[in-house]
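Structure at a glance
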Amino acid sequence: MTQKYKFPNGFLWGAATAAHQIEGNNTNSDWWAWENSAKRANQLIAQGKNPEDYKSGIACDSYNRYDEDFSLAQQLGHNSTRLSIEWARIEPKEGVFDEKALEHYEKVLQSAKFHGLKTFVTLHHYTNPVWFANKGAFEKKENVQYFVRYAEAAAKRLHEYVDFWITINEPGIYSVHAYLLGIFPPNKHSLIKTVKVTLNLLRAHNLAAPRIKSITQKPVGLANQLSDLVAASPLAKITAGLAQYLANDFILKKTMANCDFIGVNYYIHHHIGIFGIRENSRRGHKVNDLGWGIHPEGIEQVLLRLKSYGKPIYITENGLADAKDTRREKFIMDHLYHIHKAINQGADVRGYLHWSLIDNFEWQEGFWPRFGLIEIDREDLLKRRVRYSAIKYAEICRSNALEYPH
Ligand code: BGC
C-alpha cells in the first residue's frame, strides 16, 4: 500500500554541485595547491595511499561539460540546480577580475536557464584563491573586504541569471575542517583560529548580503549544515543543548537578519552524551559508504526547529555516498517523507536539492565516495550514466509528489 504526498505548488526540485568538485583544473585555488604539494603527497604515501587518487585534476570536466550536465538534470525532471562559482577563477590575482571567467559563468548560467532550471549560486564553497590564502584568508578581519568585493563583482555581472544567492557554504564546517581538524587547507589545529575564521565568515556574509541586495532583488542566504542532535540520556540534556547552540543555532542567529531564506544541508544525526558526542550516528542505523549513519527522521526535527525563524527554507544539500546505488532511492524517499511531515506541521520548506547531481571530487577523500544521481565513469572518458535512483527521483520531481509505502 502506498500513499501519495503532494508537495506545495511551485516546489523546487533538483540537485547541487560545487565548482572545485566538478569543474577540473581549478589551478589558482588553495585546494589545488594543497592537493599538488609535496606535504600532501608525503602524508598520503605514509598512509599507504596513492597521491594521484587525491588530486581533483580534471574532476568531471564540468568546466566544459556543464551543458551536458544541465541537459541531464532537465531530462530527469529537475526544475532547479545549485552550483558554485569559483572565486579563484574570477579573481585569480588580487584585484584583477578575469572577464573571461565571468563570461564563462554567464554561459554556464545561461545554459542552466536554457534547460529550465532555477539557479542557486554559491559564492564560496570551501575554496579560496591562492593570493587570498597567502594573505591569511578569513583568519584576518581586514581580509573580509576582499570577499565582499568579489561578491559584489559577481552579483553585478551575473545577477540576471541567478534566482537565489548563497554567500557561503557551511561556514562552521569549513572553519572546523580547515583550522581545527586540519583536514582542509591550510591544515591548522587551532581553536582560536577556528573561532576567528567562523566569526569572519559570518561577517563576510553579513556585509556581502546587503551589497548583493543593492544590485538585485533576489533572495540571499547561507547554506548551513544543520545536524540532528539528541541527548543520549536525560542527564545529557545540558550538553546536548550546548552542542545544539554551537553546531546549529549560533550561525543562524548571527546571520538571520541578512538572510532571506535558510539553506539546510542535512547529513548528520548525533547522540550527545554528558561529555559530548558519546555515540556517533552509526548506532542503530544503516550507514552509507563513508560510514555515516542514515537517519531520515532527523531532517524533520531540524526543519521543525527552524519554524521559529519565520523564513522560507530550502534543502540545499542532502545525500549519501552509495556507489552501488542500492540505498539512494529509499534514502531520498524516506527523507522526503519526513520533509513532507515537517511541511504539514508548518515548516515553510520550498525546495529540495539532492547532493549531488554527479559523482565528484569528495575533498580529502578523493573520488571514491559516489554521491551522484548520475555516475561518472572515470574509466571511460568521464561518461555520464544515469543511476536507477535518479530515474525514481525524476518521477517525484515531475509529479511534485511522493508515493510512499506504508
Ligand atoms: C559539502 C559538500 C560535500 C558533502 C559530502 C557537504 O557538507 O557541502 O561539498 O561533498 O558534504 O561530504
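Quick summary incoming for the structure in this document. Note that the structure is a prediction, hence the values are computed from the model and not measured. (Residues numbered from 1 in each chain as written. Predicted model: local features only at pLDDT ≥ 70, side-chain atom pairs only at ≥ 80, totals over all residues. Heavy atoms only, no water.)

All right, on to the overall build of the chain then. Summing up its helical and strand segments, the chain has 14 helices and 15 strands in all. For the chain, the spread of C-alpha atoms along the three principal axes comes to 60 × 50 × 50 Å. Per-residue burial over the chain gives 60% buried out of 406 residues. When the accessible surface of the chain is summed, it comes to about 16,600 Å², and 54% of that surface belongs to carbon and sulfur atoms. Looking at charge distribution, the chain has the averaged site of its 51 positive side-chain charges lying 5 Å from that of its 44 negative ones. (Helix = DSSP H or I, 4+ residues; strand = E, 2+ residues; numbered from the N terminus. Buried < 20%, exposed > 50% of the residue type's maximum accessible area, 1.4 Å probe, protein only. Areas by Shrake-Rupley, 256 points an atom, 1.4 Å probe, with all protein chains shown as cover. Lys, Arg positive; Asp, Glu negative; His and termini not counted. Charge placed at Lys NZ, Arg CZ, Asp CG, Glu CD.)

What follows covers the pairing of strand E4 (residues 118-124). The buried fraction of E4 is high, at six of seven residues. Two elements, strand E3 (residues 80-84) and E4, share five bridges in a ladder whose sense is parallel. Each bridged residue has a counterpart across the sheet, and for Arg 82 the counterpart in E4 is Phe 120. By the bridge criterion, four bridges tie E4 to strand E5 (residues 164-169) in an arrangement that is parallel. From the neighbouring strand, Phe 120 faces E5, where its bridge partner is Phe 164. (Pairing = 2+ DSSP bridges.)

Every α-helical turn comprises 3.6 residues, leaving residues that sit three or four positions apart pointing alike. Taking 1.5 Å as the rise per residue, helix H10 (residues 191-215) with 25 residues should run 36 Å; its terminal C-alpha atoms sit 36 Å apart, in good agreement. Within H10, the full set of buried residues consists of Thr 194, Val 197, Thr 198, Asn 200, Leu 201, Leu 202, Ala 204, His 205, Ala 208, Ala 209 and Ile 212. Lining the buried residues of H10 we find E4, helix H8 (144-158), E5, helix H9 (171-180), strand E6 (220-225) and helix H11 (237-255). (Expected span 1.5 Å × (residues − 1). Contact = heavy atoms within 4.5 Å.)

The next thing to look at is the sheet that holds strand E12 (residues 349-355). Strands sit in the order E2-E3-E4-E5-E6-E8-E11-E12 around a closed barrel of eight strands; the barrel is parallel. Within the sheet, the average angular offset between the axes of one strand and its neighbour, ignoring direction, is 25°. (Axes fitted to C-alpha atoms, helices over the stretch in contact; angles between N-to-C directions.)

Side chains of Leu 180, Leu 181, Leu 191, Val 195 and Leu 199 sit close together on the surface and give an oily, nonpolar patch of about 400 Å² of accessible area. Counting residues per element, the nonpolar patch draws most heavily on H10, which supplies three residues. Mapped onto the elements of the fold, Leu 180 is located in helix H9. (Patch = residues over 30% accessible without salt bridge, like charges linked within 9 Å, V, L, I, M, F, W, Y side chains within 5 Å. Salt bridge = Lys/Arg side-chain N within 4 Å of Asp/Glu carboxyl O.)

This part takes up the site of the ligand. Within the structure, the ligand sits among 13 residues, and Gln 21, His 125, Glu 170, Glu 317 and Glu 362 are positioned closest to it. At a separation of 2.7 Å, an oxygen atom of the ligand approaches a polar side-chain atom of Glu 170. Between the ligand and Trp 363, the relevant distance is 2.9 Å, taken from an oxygen atom to a side-chain nitrogen or oxygen of the residue. Relative to its unbound accessible area of 310 Å², the ligand is 95% covered by the protein chains. Residue classes in the shell around the ligand are distributed as six nonpolar, four polar and three charged. (Near = heavy atom within 4 Å. Polar contact = N/O pair within 3.5 Å; in protein donor to acceptor, adjacent residues only side chain to side chain. Nonpolar A, V, L, I, M, F, W, Y, C, P; charged D, E, K, R; others polar.)

The next thing to look at is the nonpolar core. Nonpolar side chains tend toward joint burial in soluble globular proteins. Core analysis: the largest hydrophobic core is formed by 105 residues, its most contacted members being Phe 147, Val 264, Leu 303 and Ile 339. Leaving out residues up to four positions away in the same chain, Val 264 has contacts with Asn 224, Leu 226, Val 302, Leu 303, Leu 306, Ile 313, Tyr 314, Ile 315, Thr 316 and Glu 317. (Core = buried A, V, L, I, M, F, W, Y, C linked by side-chain atoms within 4.5 Å.)

The next subject is the side chain of Asn 200. Inspection of the secondary structure assignment puts Asn 200 in helix H10. Under the relative-accessibility criterion, Asn 200 is labelled buried at 2%. Those residues within four positions of Asn 200 in sequence are excluded, and the remaining contacts are Phe 138, Glu 139, Lys 140, Lys 141 and Val 144.

Turning next to the packing of helix H4 (residues 62-75) against helix H6 (residues 99-114). Look at H4 against H6: their axes get within 9 Å of each other, and the N-to-C directions meet at 15°. Taken as axis vectors, H4 and H6 run roughly parallel relative to one another. Seen from above, H4 lies across H6 with right-handed handedness. On the side of H4, the interface is formed by Tyr 63, Tyr 66, Asp 67, Phe 70 and Gln 74, while H6 contributes His 104, Lys 107, Val 108, Ser 111, Ala 112 and Phe 114. (Parallel < 35°, antiparallel > 145°, perpendicular 65-115°, else oblique. Left-handed = near helix turned anticlockwise from the far one by under 90°.)

With that settled, the discussion passes to the side chain of His 335. Checked against the element boundaries, His 335 lands in helix H13 (residues 328-344). The buried category is assigned to His 335, whose relative accessible area is 1%. A polar contact is formed between the side chain of His 335 and the backbone oxygen of Phe 331, at a distance of 2.8 Å. With residues near it in sequence (within four places) discarded, His 335 still touches Tyr 266, Ile 294, His 295, Pro 296, Ile 299 and Asn 318.

Once that is clear, we can look at H4. Remark: the principal bend of H4, roughly 30°, maps to Glu 68. Buried residues of H4: Ser 62, Arg 65, Tyr 66, Asp 69, Phe 70, Ser 71, Leu 72 and Ala 73, and no others. Contact partners of the buried residues in H4: helix H1 (19-22), E3, H6, strand E13 (374-377) and strand E14 (383-386). (Bend = angle between axes of the 7 residues up to and from the residue.)

In this section: the pattern of salt bridges. One side chain can pair with another of opposite charge once the charged atoms of both are near each other. Within the structure shown, the criterion is met by 28 salt bridges. Glu 317 is the salt-bridge partner of Arg 82, the closest N and O atoms lying 3.0 Å from each other. Residue Arg 82 is located in strand E3, and its partner Glu 317 is located in strand E11 (residues 313-317); the two are separated by 235 residues in the primary sequence. Two residues, Arg 328 and Asp 325, come together in a salt bridge whose shortest N-O distance is 2.8 Å. For the residue pair Arg 328 and Asp 325, the accessibility class agrees, reading buried in each case.

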